[in-house]
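Chain and residue survey
Residues per chain are reported as follows:
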Amino acid sequence: MNRPIVGYHLDDEQHWVAELRCGHNQHVRHDPPWTNRDWVTTPEGRAGRLGSLLDCRKCDENPPGP
Ligand SMILES: [Zn+2]
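Read on for a plain summary of the structure. (Residues numbered from 1 in each chain as written. Predicted model: local features only at pLDDT ≥ 70, side-chain atom pairs only at ≥ 80, totals over all residues. Heavy atoms only, no water.)

What to know about the packing of aromatic side chains
Scanning the model with the defined rule gives two aromatic pairs in all. With a centroid separation of 6.5 Å and an interplanar angle of 90°, the aromatic rings of Y8 and W16 are classed as edge-to-face. Overall, the relative accessible area of 22% leaves W16 in the partly exposed class. Counting every residue linked through ring pairs, the aromatic cluster contains Y8, W16 and W39. (Phe/Tyr/Trp six-rings, centres within 6.5 Å; stacked < 30°, edge-to-face > 60°. Buried < 20%, exposed > 50% of the residue type's maximum accessible area, 1.4 Å probe, protein only.)

See below:
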């Protein structure tokens, strides 16, 4: 389920985690060559992705109740 990014924080291992509007968090690692998200390494890049959609697997598995 696509959810907009509303913020970011670093986890204990200094990996970036996107905070989604649904309340879930999702890692947005920059881990080349498998995962290329060099935008996440700069403040400008992260700011530019605010409001963009990530596919939240937690919402797919466990949809919010009525
Ligand atoms: Zn979610």
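Regarding the coordination of the zinc ion
Put simply, a metal with four donors set out as a tetrahedron has ideal angles of 109.5 degrees, and one with six donors set out as an octahedron has ideal angles of 90 or 180 degrees. Taken together, the protein ligands of the zinc ion are C22 (SG), H24 (ND1), C56 (SG) and C59 (SG), with distances of 1.9 to 2.4 Å. Relative to the metal, the four donor atoms surrounding the zinc ion lie at angles of 102 to 116°, and the coordination shape comes out tetrahedral. (Donors = N, O, S within 2.8 Å, 3.2 Å for Na, K, Ca; no water. Tetrahedral: all angles 85-135°; square planar, octahedral: opposite > 155°, others 65-115°.)

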